[in-house]
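# Observations on the model geometry
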There are 4 protein chains.
Amino acid sequence: MVKLELPIIIVNFKGYKEAIGEKAVYLAKIAEEVSSETGVTIAVAPQHVDIFRITSVASLPVFAQHIDPVMPGSFTGHVIAEAVKEAGAVGTLINHSERRLILADIDGAIRKAREVGLISVVCSNNPEVSAAVAALNPDMVAVEPPELIGTGIPVSKAKTEVVTGTIDVVRKVNPDVVVLCGAGISSGDDVEAALKLGTKGVLLASGVVKAKDPRKVLLEMAEAAQRSEK
Amino acid sequence: MVKLELPIIIVNFKGYKEAIGEKAVYLAKIAEEVSSETGVTIAVAPQHVDIFRITSVASLPVFAQHIDPVMPGSFTGHVIAEAVKEAGAVGTLINHSERRLILADIDGAIRKAREVGLISVVCSNNPEVSAAVAALNPDMVAVEPPELIGTGIPVSKAKTEVVTGTIDVVRKVNPDVVVLCGAGISSGDDVEAALKLGTKGVLLASGVVKAKDPRKVLLEMAEAAQRSEK
Amino acid sequence: MVKLELPIIIVNFKGYKEAIGEKAVYLAKIAEEVSSETGVTIAVAPQHVDIFRITSVASLPVFAQHIDPVMPGSFTGHVIAEAVKEAGAVGTLINHSERRLILADIDGAIRKAREVGLISVVCSNNPEVSAAVAALNPDMVAVEPPELIGTGIPVSKAKTEVVTGTIDVVRKVNPDVVVLCGAGISSGDDVEAALKLGTKGVLLASGVVKAKDPRKVLLEMAEAAQRSEK
Amino acid sequence: MVKLELPIIIVNFKGYKEAIGEKAVYLAKIAEEVSSETGVTIAVAPQHVDIFRITSVASLPVFAQHIDPVMPGSFTGHVIAEAVKEAGAVGTLINHSERRLILADIDGAIRKAREVGLISVVCSNNPEVSAAVAALNPDMVAVEPPELIGTGIPVSKAKTEVVTGTIDVVRKVNPDVVVLCGAGISSGDDVEAALKLGTKGVLLASGVVKAKDPRKVLLEMAEAAQRSEK
């Protein structure tokens, strides 16, 4: 498994029209440059169809948005972890609020990711669910209050108790699990606040993808992460 | 929308280990050659992550295995039709027995495919469901009795009444819809039988993907299709 | 199977707090009385746990809100049609917009209802989907544009083309299927409009359940239905 | 919330034809008698439609097989916890292997059960998932390896490490959570083995429901539980 330096900024491209096909490659290139300039790890999570297209031409960690907890086989329309890995991804989101899984499948997807060598970033919606996820031994948990996703109201400022509560319970249940936070993160300040609360990074989407100047926002975020490391 | 010559052989790669990544490209290349030699349309339906990889290097119709009935937007882990199209696919399977959709979403996915210019091939499990699908105006319906999928017992011989029943009701409900059949198709004879029953092609998977010599089986199938056309 | 006189007014209790337990029995009693006074068929569709409680004390047609398309067996948390029937229900809703099913399961649930002698009322969201449903041979289809459900804006006035479009296509695909409409129906006028468009009844919920005086609204609706019959 | 004496034997009626309607009442009566004779807590989990019918005539703890994590409202075909409670149930199964929930909904259903005063018994499939469940603060977790369900091969003998592993991790994550086990339990010996491993009871189904003489098997089980308490 690839080992990523922390802190990490993961940009989820979701299904945004600004982030598919050629535009996905363009945004990934920006992320690669900003990461290179600042030394801060920046990963992208594009549509499955765009993973190979990005890994062919850009050198940055690429995550899938979802994998299914199944062995290669008769699973039409499912996402096979081995195929994701071979396409060049280094990790995968699991259980994003827009792609929830049943509990046994979160367990299965984490095991599957580990088996094929993908970093697992499991999303949760509150501290209790974060603790539950931590019990399943993922690499990272990203807590995101669904009501703030896409709002521009940053979890790291508006719901600090969700973030610190998650850090507390995850430390108790499984201290090896890295805690990220997400929802409403759209500026360097938001990232800085997230890291100050004790997280090791952020998961975000529209804050960068739908920004007027994605490069500028991402640079601002990376610089905030850089400062926090000192 | 691309216009494909009929009859058509669609090879569904599912999530088979023999048909992901480089192996997916290899199989697609075989399909391209056989199609070129015989003049029979052969399409492949690989994992989403492999669509672009195949369309970059091979010249044959590529189908997605599934699309979601949504506009580009906040849909992490969903399959955006626009992204599938930009990756070079010409069509998509919808409602495969391993990836069933709620009825309103089949309707939505067919509309979405039409909107972005993807050929829609909707799977069904019996004549009544085929008629229901035909009422939604897809390009093609592929009837596949689930109990025969992957068995090597061909629907075109073992359940001819399912195939002819489908052709009859689809003609009544919506004669513009092309009828394919699938399940257990693994030889040229099976394809010939399917076409003799009145279908315009077949949807198959393991019969080719897991064959000892996929090229040989596919060639045999294409030649059977060629004969049927005379 | 019980044969119900048309037109029919089906009051869906959903999961409303005004319509569970004792309150469900109270509302069912009102419906029974109004039906008895006017001669118009009024059915109720309560929570599963309330079916037996109602059928024990009231004499009116009771529908389940959902059944699963399975044989009795190892199906914890599923709704077994045989159990619904034995509890005294005469029919069941299938595929309500709040409880959508995959297409093959709609087919299965309709077959299951027929097998055990329950009237099947399948919900749809537009004319195309209504035609698809009609191809599956249910007893009734209830077209309900989801965007109007619970709004008080009646489909029978605001979206007449959805209702007449459904009647047209259902007649073509399967003239034996009775067409109802629903969404936003909350007055006698709305019911009258629905019947004038050619439907044989209405499916409604909040219009009665959340009315200040459910008895009065229901009486008004039944009288409108009565008038339409003349 | 009702406080139940431990150990507990929960008989899940699933959707078995031997356990619906009148037969559900009959089995519940047997359970009531055996519990009364032995002093051991025996609960039953019937189809939702049968809950009220049983609680009207029998005096024993009745569980729902599932509840939905929603407030009363527009949720056709969902199971409203408040309605389950008013029907006389004292608790509910959650996340049974035949009715899996997404993780956030398990959290929601546990909260909902607590809010309305229902005992929550959450099913899990292995120790890791049991630990995850325990982090969500249910009243009980019932670990059941899916591959043994319905086989007659008792988890308490064939997979003791799953049971003891669950007890260990649950104690660490949340010692207040009561651990039950299930799958393949069909005799007094199996129950005794389960209690000796440290569980506080069993969840079973076919072992009693499909027994030639349910009363005899249940009595044997209750006596085994009785002995274990000494």
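Numbers given to residues run from 1 along each chain, matching the order in which its sequence is written. For naming, the first written chain is A and the first written ligand is 1, with later ones following in the order written. Whole-chain, interface and lining totals are the exception, using all residues; otherwise, since this is a predicted model, local features are given only for residues with pLDDT of at least 70 and side-chain atom pairs are given and counted only at 80 or more. Excluded from the side-chain calculations are hydrogens and water; all other atoms, namely the structure's heavy atoms, are used.

For helices the rule is a DSSP run of H or I covering at least 4 residues; for strands it is a run of E covering at least 2, with both sets numbered from the N terminus onward. Each helix and strand counted, chain A has ten helices and eight strands in total. Using C-alpha atoms as the atom set, the radius of gyration is obtained and then compared with a globule rule of 2.2 Å times the number of residues to the power 0.38. What you see for chain A is a C-alpha radius of gyration of 16 Å, in line with the 17 Å of a compact globule of 230 residues. Projected onto its principal axes, the C-alpha coordinates of chain A cover approximately 45 × 40 × 30 Å. Should any heavy atoms of two residues lie within 4.5 Å, those residues are considered in contact. A separation of at least 24 residues holds for 68% of the contacts in chain A among residues at least 6 apart in sequence. All accessible areas in this document rest on Shrake-Rupley with a 1.4 Å probe, and a residue is counted as covered only by the protein chains that are shown. Carbon and sulfur atoms make up 50% of the accessible area of chain A, which totals about 7900 Å². Residues scored as charged are limited to Lys and Arg (positive) and Asp and Glu (negative), so that His and the chain ends carry no count. By convention, charge coordinates are those of NZ in Lys, CZ in Arg, CG in Asp, or CD in Glu. Counting 24 positive and 28 negative side-chain charges, chain A places the averaged centre of each group 2 Å from the other.

Superposition of the copies used a least-squares fit over C-alpha atoms from residues whose pLDDT is at least 70 in both. With an RMSD of 0.0 Å, chain D superimposes on chain A once it is rotated by 180 degrees and translated 0.0 Å along the axis. What we have between these two chains is a two-fold relation. Comparing interface residues between copies, 100% of those in chain D also sit at the interface in chain A, which points to an isologous, same-surface contact.

Looking now at the pattern of salt bridges. For this document, the term salt bridge refers to a Lys or Arg side-chain nitrogen within 4 Å of an Asp or Glu carboxyl oxygen. All chains considered together, the criterion is met by 60 salt bridges over all chains. Note that D:R111 and D:D107 form a salt bridge whose closest N and O atoms lie 3.2 Å from each other. Separated by four residues within a single helix, D:R111 and D:D107 lie in helix 4 (residues 103-116), roughly one turn from each other. When a residue's accessible area, from a 1.4 Å probe over protein chains only, is under 20% of the maximum for its type it is buried; when over 50% it is exposed; and in between it is partly exposed. Judged by relative accessible area, D:R111 falls into the partly exposed class, the value being 35%. Relative accessible area serves as the criterion here: at 3%, D:D107 is assigned to the buried category. What emerges from the salt-bridge pattern is a single network uniting A:K17, A:E18 and A:K210.

With that settled, consider helix 4 (residues 103-116) of chain C. Expected span of a helix: the number of residues minus one, times 1.5 Å. An ideal rise of 1.5 Å per residue puts 20 Å on 14 residues; helix 4 of chain C measures up with 20 Å between its terminal C-alpha atoms. Buried residues dominate helix 4 of chain C, accounting for ten of its 14 residues. Those residues of helix 4 of chain C that fall on the buried side of the exposure criterion are C:L103, C:A104, C:I106, C:D107, C:G108, C:A109, C:I110, C:K112, C:A113 and C:V116. Packed against the buried residues of helix 4 of chain C are helix 4 (103-116) and helix 5 (127-134) of chain B together with helix 3 (81-86), strand 4 (91-94) and strand 5 (119-124) of chain C.

A word on the side chain of D:S130. Residues and elements named next belong to chain D. Here S130 lies in helix 5 (residues 127-134). Two N or O atoms count as a polar contact when they lie within 3.5 Å, although within protein this holds only if one can serve as hydrogen donor and the other as acceptor, and sequence-adjacent residues are included solely when both atoms are side-chain atoms. Among the polar contacts made by the side chain of S130, one reaches the side chain of S124 at a distance of 2.7 Å. A distance of 2.8 Å separates a polar atom in the side chain of S130 from the backbone oxygen of N126. Once residues within four sequence positions are removed from consideration, S130 is found in contact with S124, V141, V143, T166 and V170.

Right, let's get into the relation of the copies chain A and chain B. Take chain A, turn it by 180 degrees, move it 0.0 Å along the axis, and it overlays chain B with an RMSD of 0.0 Å. Of the residues that chain A buries at the interface, 100% are likewise interface residues in chain B, meaning the two copies contact each other through the same surface.

Once that is clear, we can look at the arrangement of the chains. There is a gap between chain A and chain C: no contact, and a shortest C-alpha distance of 15 Å. In this assembly chain B lies apart from chain D, the nearest approach of their C-alpha atoms being 15 Å.

What follows is about the state of the cysteines. Any covalent bond linking the sulfur atoms of two cysteines counts as a disulfide. A pair of sulfur atoms, both from cysteines and within 2.5 Å, is called a disulfide here. Across all of its chains, the model carries zero disulfides over all chains by this definition. Left unpaired, B:C181 is separated from the closest cysteine sulfur, that of B:C123, by 12 Å.

If you look at the interface, chain D gives 19 residues, while chain A gives 19 residues. Note: buried area is the sum, over both parts, of the accessible area (probe 1.4 Å) each one loses when the two are combined. Carbon and sulfur atoms supply 70% of the area that chain D and chain A bury against each other, a total of about 1500 Å² over both sides. Ranking the residues of chain D by area buried against chain A places D:I102, D:L103 and D:E128 at the top, with a combined share of 33%. At the surface where chain D touches chain A, the tally comes to two salt bridges.

What follows covers the sheet that holds strand 5 (residues 119-124) of chain B. Residue and element names in this part refer to chain B. When DSSP finds two or more bridges between a pair of strands, those strands are recorded as paired. Overall, parallel pairing links the eight strands, which are arranged 2-1-8-7-6-5-4-3 in an open sheet. This sheet does not close on itself; its edge strands, each paired only once, are strand 2 (41-45) and strand 3 (63-64). Bridge analysis of strand 5 against strand 6 (residues 140-143) gives four bridges, and the strand direction is parallel. Note that in strand 6 the partner of V122 across the bridge is V141.

This next bit is on the pairing of strand 2 of chain B. Residues and elements named next belong to chain B. With five of its five residues buried, strand 2 lies for the most part within the structure. Here strand 1 (residues 8-12) runs beside strand 2; their pairing, made up of five bridges, is parallel. In the strand pairing of strand 2, I9 is matched with I42. On the question of chirality, the crossover connecting strand 1 to the parallel strand 2 by way of helix 1 (residues 22-38) is right-handed. When the strands point away from the viewer, a crossover counts as right-handed if the route from the first strand across the helix to the second turns clockwise.

Take the packing of helix 1 of chain B against helix 2 (residues 48-55) of chain B next. All names here are of chain B. Between the N-to-C directions of two axes lies an angle of 0 to 180 degrees, each axis being a line fitted to C-alpha atoms and, for a helix, fitted only over the stretch in contact. At their nearest, the axes of helix 1 and helix 2 sit 9 Å apart, and the two run at 50 degrees to each other. On the basis of their axis angle, the class for helix 1 and helix 2 is oblique. The two elements helix 1 and helix 2 cross, and the hand of that crossing is right-handed. The residues of helix 2 that touch helix 1, namely those facing E22, A24, V25 and A28, are D50, R53 and I54. When describing relative orientation, an angle under 35 degrees is termed roughly parallel and one over 145 degrees roughly antiparallel, while 65 to 115 degrees is termed roughly perpendicular and anything else oblique. Here a crossing is called left-handed whenever its near helix is offset anticlockwise from the far helix by less than a right angle, and right-handed whenever the offset is clockwise.

Contact residues are listed per partner, giving 35 residues for chain A and 35 residues for chain B. When chain A packs against chain B, the two sides together hide about 2900 Å² of surface, and 57% of this comes from carbon and sulfur. Our enumeration of links across chain A and chain B arrives at two salt bridges. A:R53 is paired through a salt bridge with B:E86; the nearest N and O atoms lie 4.0 Å apart. Applying the counting criterion to the chain A and chain B interface returns 24 residue pairs in polar contact (both at pLDDT 80 or more). Of all the elements in the fold, those that place two or more residues in the side of chain A that touches chain B are helix 2 (48-57) and helix 3 (81-86) of chain A. A total of six residues in the side of chain A that touches chain B trace back to one element, the largest contributor, which is helix 2 of chain A. In terms of residue class, the side of chain A that touches chain B is made up of 13 nonpolar, 13 polar and nine charged. Amino acids are sorted into nonpolar (Ala, Val, Leu, Ile, Met, Phe, Trp, Tyr, Cys and Pro), charged (Asp, Glu, Lys and Arg) and polar (every other residue, Gly among them).

We now examine helix 4 (residues 103-116) of chain A. Structural remark: α-helix, 3.6 residues per turn; residues separated by three or four positions point the same way. All of the buried residues in helix 4 of chain A are A:L103, A:A104, A:I106, A:D107, A:A109, A:I110, A:K112, A:A113 and A:V116. If you follow the buried residues of helix 4 of chain A, they end up packed against helix 3, strand 4 (91-94) and strand 5 (119-124) of chain A together with helix 4 and helix 5 of chain D.

Confidence of the predictor at the level of single residues is captured by pLDDT, which takes values from 0 to 100. Mean pLDDT for chain A: 96, with 100% of residues reaching 70 or above. The complex model carries a pTM of 0.96, and its ipTM stands at 0.95.

Residues and elements named next belong to chain B. With six of six residues buried, strand 5 lies mostly within the body of the structure. Neither face of strand 5 is open: one carries I119, V121 and C123, the other S120, V122 and S124, and all of them are buried. This β-α-β element, strand 4 (residues 91-94) to helix 4 to strand 5, shows right-handed connectivity. For the crossover from strand 5 across helix 5 to strand 6, the handedness is right-handed.

One can find B:Q47 in the loop between strand 2 and helix 2. Sequence separation of B:Q47 and B:G73 is 26 residues, and the distance between their C-alpha atoms is 22 Å. Among residues more than four places away in sequence, those in contact with B:Q47 are A:F75, A:H78, A:V79, A:I80, A:A83, B:K14, B:G15, B:I20 and B:Q65. At 3.1 Å, the side chain of B:Q47 and the backbone oxygen of A:H78 are in polar contact. A polar side-chain atom of B:Q47 sits 3.1 Å from the main-chain amide nitrogen of A:I80.

Here we take up the sheet that holds strand 1 (residues 8-12) of chain A. Backbone-to-backbone hydrogen bonds pair the strands of a sheet. The strands run either parallel or antiparallel. Residue and element names in this part refer to chain A. Read across the sheet, eight strands follow the order 2-1-8-7-6-5-4-3 without closing on themselves; strand pairing throughout is parallel. Where the open sheet ends on each side, the last strands, each with one partner, are strand 2 (41-45) and strand 3 (63-64). Across the face of the sheet, helix 5 (residues 127-134) comes into contact with strand 5 and strand 6 (140-143) while running at roughly 155 degrees to strand 5.

Our next topic: the side chain of B:K14. Residues and elements named next belong to chain B. Looking at the secondary structure, you find K14 in the loop between strand 1 and helix 1. For K14, a relative accessible area of 3% gives the class buried. A polar atom in the side chain of K14 sits 2.8 Å from the side chain of E98.

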